[in-house]
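Here is how the chains run, residue by residue.
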There are 2 protein chains.
Amino acid sequence: MTLPASPSSTLRLRPVGIDTFRENVVYLHRDCPIVRAAGFQALSKVQVGADGRSILAVLNVVDDARLVDVCELGLSEEAFARLGVAEGHEATVAHAEPPGSIAALHRKIRGERLERDDLHAIIADIAQARYSKVELAAFVVATNQFELDRDEVLHLTEAMIAVGRRLDWRREVGGGPVVDKHCIGGIPGNRTSMLVVPIVAAHGMLCPKTSSRAITSPAGTADTMDVLAEVALPFERLVAIVRETRGCLAWGGTAELSPADDILISVERPLAIDSPGQMVASILSKKIAAGSTHLVLDIPVGPTAKVRSMPEAQRLKKLFEYVAARLGLHLDAVITDGRQPIGRGVGPVLEARDVMQVLESHPDAPSDLRQKALRLAGRVIEFDPDVRGGEGFRIARDILDAGRALERMHAIIDAQGRRAWTLEPAPLTHEVRAARSGVVTAIDNLRIARIARLAGAPQVPDAGIDLLKKLGERVEAGEPLYRVHARFDADLAFARDLAGADGGFRVGEAAELPHEFASFATLGDAL
Amino acid sequence: MTLPASPSSTLRLRPVGIDTFRENVVYLHRDCPIVRAAGFQALSKVQVGADGRSILAVLNVVDDARLVDVCELGLSEEAFARLGVAEGHEATVAHAEPPGSIAALHRKIRGERLERDDLHAIIADIAQARYSKVELAAFVVATNQFELDRDEVLHLTEAMIAVGRRLDWRREVGGGPVVDKHCIGGIPGNRTSMLVVPIVAAHGMLCPKTSSRAITSPAGTADTMDVLAEVALPFERLVAIVRETRGCLAWGGTAELSPADDILISVERPLAIDSPGQMVASILSKKIAAGSTHLVLDIPVGPTAKVRSMPEAQRLKKLFEYVAARLGLHLDAVITDGRQPIGRGVGPVLEARDVMQVLESHPDAPSDLRQKALRLAGRVIEFDPDVRGGEGFRIARDILDAGRALERMHAIIDAQGRRAWTLEPAPLTHEVRAARSGVVTAIDNLRIARIARLAGAPQVPDAGIDLLKKLGERVEAGEPLYRVHARFDADLAFARDLAGADGGFRVGEAAELPHEFASFATLGDAL
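From a predicted model like this one, the values you see are computed outputs, not experimental measurements.

Regarding its fold elements, chain A presents 19 helices and 19 strands. Against the globule reference of 24 Å for 527 residues, chain A gives a C-alpha radius of gyration of 25 Å, in line with a compact fold. Seen through its C-alpha atoms, chain A measures out along the principal axes to roughly 80 × 55 × 45 Å. Considering chain A as a whole, with its 527 residues, one finds that 60% of them fall into the buried category. Restricting the contact set of chain A to residue pairs at least 6 apart, pairs at least 24 apart contribute 80%. For chain A, the exposed area adds up to about 19,300 Å²; of that, 49% sits on carbon and sulfur atoms. The average position of the 63 basic charges and that of the 71 acidic charges among the side chains of chain A differ by 2 Å.

Each pair of aromatic rings is reported with the distance of its centres and the angle of its planes. All names here are of chain B. On inspection of all chains with the given rule, the structure shows 2 aromatic pairs over all chains. For the pair Y482 and F505, a centre-to-centre distance of 5.5 Å together with 35 degrees between the ring planes defines the contact as tilted. Of this pair, Y482 sits in strand β18 (residues 480-486) while F505 is found in strand β19 (residues 505-508), placing the two residues 23 residues apart along the sequence. As far as the burial class goes, Y482 and F505 line up, both buried. The side chain of R213 reaches across the aromatic face of W251, ending 5.2 Å from its centre.

For the bond running from A457 of chain A to P458 of chain A, omega is 0 degrees, close enough to zero to count as cis. Among the structural elements, P458 of chain A can be located in the loop between α18 (445-454) and β16 (464-467).

As a further point, take the sheet that holds strand β12 (residues 330-337) of chain B. All names here are of chain B. Spatially, the 3 strands line up as an open sheet ordered β8-β11-β12, and their pairing is parallel. Edge strands, defined here as strands with exactly one partner in the open sheet, are β8 (179-183) and β12. Looking at each pair of strands side by side, their axes are set apart by 20 degrees on average, direction ignored.

For the coordinates displayed, the defined rule picks out 86 salt bridges over all chains. Between D354 of chain A and R353 of chain A there is a salt bridge, with its nearest N and O atoms 2.9 Å apart. Take D354 of chain A and R353 of chain A: they sit in the same class, and that class is buried. We note a salt bridge from E351 of chain B to R191 of chain B, for which the minimum N-O separation is 2.6 Å.

All names here are of chain A. In spatial order, the strands read β8-β11-β12; together these 3 strands make up an open sheet with parallel pairing. Strands with a single pairing partner mark the edges of an open sheet, and in this sheet they are β8 (179-183) and β12 (330-337). Averaged over all pairs of adjacent strands, the angle between their axes in this sheet comes to 20 degrees, without regard to strand direction. In this structure, strand β11 (residues 294-301) lies alongside β12, joined through 8 bridges in parallel fashion. In the strand pairing of β12, L297 is matched with A333. The sheet strands contacting helix α12 (residues 276-289) are β8 and β11, and the helix crosses β8 at an angle near 160 degrees.

This next bit is on the state of the cysteines. Residue and element names in this part refer to chain A. For the coordinates displayed, the defined rule picks out 0 disulfides over all chains. Between C32, a cysteine without a disulfide, and C71, which holds the nearest cysteine sulfur, the sulfur-to-sulfur distance is 7.2 Å. Residue C71 is classed as partly exposed on the basis of its relative accessible area of 43%.

Glancing now at helix α10 (residues 235-245) of chain B. Residue and element names in this part refer to chain B. The complete set of buried residues in α10 reads F235, L238, V239, I241, V242 and T245. The buried residues of α10 all sit within an arc of 165 degrees when viewed along its axis, so they share a single face. Residues of α10 that are exposed and angled more than 90 degrees away from the buried face: E236 and E244. Packed against the buried residues of α10 are α8 (193-202), β9 (207-211), β10 (247-251) and α17 (404-416).

A word on the confidence of the model for chain A. Residues and elements named next belong to chain A. Averaged over chain A, the pLDDT score is 90; the fraction of residues at 70 or greater is 94%. Segment residues 1-8 is flagged for pLDDT under 50; beyond a separation of four residues in sequence, or across chains, it makes 18 contacts in the model. Predicted confidence for residues 521-527 stays below pLDDT 50, and this span has 9 contacts to residues more than four positions away or in other chains. This complex was scored by the predictor with a pTM of 0.81 and an ipTM of 0.75.

So, about the nonpolar core. Counting 110 residues, the largest nonpolar core has I126 and F320 of chain A together with I126 and F320 of chain B as its most contacted members. Apart from the residues lying within four places of it in its own chain, the contact partners of F320 of chain A are I184, M279, V280, I283, L284, L297 and L331 of chain A. By size, the runner-up hydrophobic cluster in this structure holds 48 residues, among which are I187, L359, V380 and A405 of chain B.

Moving on, we come to the pairing of strand β15 (residues 438-443) of chain B. A regular strand places its side chains on the two faces of the sheet in alternate fashion. All names here are of chain B. Counting buried positions along β15 yields 6 of 6 residues, so the element is predominantly enclosed. Two strands pair when backbone bridges link them, and β15 and strand β17 (residues 474-475) are joined in this way by 2 bridges, in the antiparallel orientation. By the bridge assignment for β17, G438 is matched with V475.

Residue and element names in this part refer to chain A. As for its position among the elements, E158 is in helix α6 (residues 150-162). Here H120 takes part through its side chain, which lies 2.9 Å from a polar atom of the side chain of E158. When residues no more than four places from it in sequence are discounted, the contact partners of E158 are R116, H120 and L327.

This paragraph deals with the environment of A452 of chain B. Residues and elements named next belong to chain B. Inspection of the secondary structure assignment puts A452 in helix α18 (residues 445-454). When its relative accessible area of 0% is taken as the criterion, A452 is described as buried. Sequence separation between A452 and L167 is 285 residues; the distance between their C-alpha atoms is 36 Å. If sequence neighbours within four positions are ignored, A452 has contacts with P218, V346, A457, G464 and I465.

Take helix α4 (residues 116-127) of chain A next. All names here are of chain A. Compared with the 16 Å implied by 1.5 Å per residue over 12 residues, the 16 Å span of α4 between its first and last C-alpha is a close match. Packing partners of the buried residues in α4 comprise α2 (77-83), α3 (102-109), α5 (133-145), α6 and α11 (259-271). Positioned one or two residues after α4, A129 has a phi angle of 60 degrees, which is positive.

Conventions used here
Residues numbered from 1 in each chain as written. Chains lettered and ligands numbered in written order. Predicted model: local features only at pLDDT ≥ 70, side-chain atom pairs only at ≥ 80, totals over all residues. Heavy atoms only, no water. Helix = DSSP H or I, 4+ residues; strand = E, 2+ residues; numbered from the N terminus. Rg over C-alpha atoms; globule rule 2.2 N^0.38 Å. Buried < 20%, exposed > 50% of the residue type's maximum accessible area, 1.4 Å probe, protein only. Contact = heavy atoms within 4.5 Å. Areas by Shrake-Rupley, 256 points an atom, 1.4 Å probe, with all protein chains shown as cover. Lys, Arg positive; Asp, Glu negative; His and termini not counted. Charge placed at Lys NZ, Arg CZ, Asp CG, Glu CD. Phe/Tyr/Trp six-rings, centres within 6.5 Å; stacked < 30°, edge-to-face > 60°. Lys NZ or Arg CZ within 6 Å of the ring centre and 35° of its normal. Pairing = 2+ DSSP bridges. Axes fitted to C-alpha atoms, helices over the stretch in contact; angles between N-to-C directions. Salt bridge = Lys/Arg side-chain N within 4 Å of Asp/Glu carboxyl O. Disulfide = S-S within 2.5 Å. Arc of directions from axis to C-beta. pLDDT = per-residue confidence, 0-100. Core = buried A, V, L, I, M, F, W, Y, C linked by side-chain atoms within 4.5 Å. Polar contact = N/O pair within 3.5 Å; in protein donor to acceptor, adjacent residues only side chain to side chain. Expected span 1.5 Å × (residues − 1).

What follows is the structure in structure tokens.
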């Protein structure tokens, strides 16, 4: 039996040039007396202290003295920055006590309801990087399985706002609305934000839109906007741009608005978990933190959308409305047609092409994208106290048709930092053709998204899918339904194989067309 | 927009001297063209290929060319070993497709029942390190929340056996039994295995016992045995030792018997999850893999034990019996008294002292540990077809009292590799005293375990608790109830503070003593 020496001795702090993203990692040499004394093992959770500050980190044991020496305490890049103490400073390491909120996490795992204080404590610990990946995953799965009730969702949302920065536009708008538009996702090509923002900004409304990157989709608004302009903007730049142009289309991740949500998403993504409670908290916390007072929310419904039935859509809508109302956010949640992709392009470059065509009133511009964007922009514009109910659509259309939205989009692009773009899709192509003649009766959003991802989107921005037929259109046997674009042979082969197994289109008789779930299209905006 | 270059170019393989335990980590330089082209981010899951072999790994992005150069692909130690290709060899890296069983995991997260093939696929992927920590945590939480039904538990157990090595003792025992004894845990000081193994081995039975290290307790059998002998034995050594001495007391983790379970435990531990299904699969898969044909299972019941009521104990017993029967394992599950710790010592050295005192028939030997071990050993001995029912206890007692168990224990210790031990507890002490006079009416197993852990156990092997009073014993106000041993001032202070808040003992009137749940003590072995 080897008896350990005192673990109270100190080590010298050293940054290790490894980016471990949100996970703090500490590197200690295997022969470090403290490692041996305290019985640390790889992946132990430890507390690192220096100069009165401390962080929790996961231990990696090092066998190479060039990385860290036996008397050194190495920290991964973000961990070193988070601790905020200079290199060479004395540092201590000890077994970490679990973060204070772990007892509440265990109660949630057992299926209990959490109180306001529990959720605030959990989110504070998450935002301060005190949760390991394993604990994060447990929180995400547990709150997915034992569904959060509406007050738990409210408190989760509140807590997520509390740990981030919050923008305040009162100086800019006085008592007027700060507007935003958001979609719950799941519909390929649904890039209405990139149209709504310049339209409502041109109308004079303040719209500090932040978007996310693709989680499981072939492109998020941030990925598509990234084709045209810089989207990773420091907080102060973002504020200045919105002041200047009344709008922005930035990535929310670097804006520090909802740090806990950012961390949770890094776990939800690989698990493909998107529960109603987490969705509501994630969306509303970011909107409120961005200073929005009025939000139009797009909830698409369809057989392969995130929400598959009207009752489910109504439940989700009411959950959004409950939480928004409690937090003082004016919410107009609209249930839309989610039976198929919107527009033609799927993938960053192809979607950016569609958006620019609509803004430029190009003859090839996809009319469904144009119509949906005008309807949503109209709803946002009706938040303007000077606009009569039912007038929004017409105002939005006039702004678009007069080229004022295009002009505003260029202003936003220049303000964020214009890229030298070409909107040419990737050169390697494969056409997926109809096996029979008839009418397109179904397009599987999930399948189209998956094929576009295999083709390389969003990492390869000009990869993706160009849809040539949509629901209800007539096709002849052998006629192309869509074209896959890829940059690499292997990507094209993967996408082609998946499309070969099931291309995501169904061709049949017109009578088989699924009815449109949403009542959105029938609203009085078909002027 | 920067268009990526072809990601098909290759890198040179390089081991990086970092131990990341079960998680494969790949280190790529931020300026590596492949990282930039493919849009990899830190914590992306990637597939590394070389020489026709491949592994999945998590990406850490490196900014220091001394760790890995821009044309190198670094692998953490275990990942490098797992890939099994020489340094300097060409290697490729690509976005990882999720492991094949992820669809089944998602179904479990949604609450569906899994089929046999699903569970086999999940466990095979886990054993081959294809699951990230996040995915492992999701599996553990999901199977904990939507409790597995008994066929799911059976298939999980089967799958865990299938991915490991399996010992076969038929050459040693012919058609005779290969026996084992196991406890579900939760009772401090319950080190009966270290008595049962030498007793039944001395009776001539083959008992290839493997044990675990402490998960949330102050000592597992492997930790306590580690005080006396080497426990981390290579597979072939373990087999040779059992052949020679008919028994062993080894750590199961290095024996390759249930690799998937080892990985799952690394996630269950920080989450403090120990669901019935996972417990049954974990225990029975290891026993069957170790070649056992007959198992005595100890299920302690008490207000602070893992199992808190007789109905719960019966349900767990039946689940164990169902799975064991289907897998051809003879199981004798006994429900025992779990109202308080067993023996006096809590912590590796203190428990080893108790065990050796019982083996040596020392006058201070704790009689409850002796009695329980004899009863369990008796049950094991009754698996011997030549022993009459009810004779086991007497045979076990005769073996112990004749010194034959002690002799066998020394043989096992020598075979595994004797350590130079002293069974002196750590020098710093603190006595916890009774606040009033009366009778000890409750001892909180969890509280005692937690105080012993704060004192340093099991990492500091001679730290822990020495119990001076047990249930039903009379104490005077101010009389010591137990003594905390620690090696470091800080540890002692932590333990003292916790004991000060609540020492885990209740002193009251004799009438308040909780009744014993278990019927075990009344069985016909009180000879």
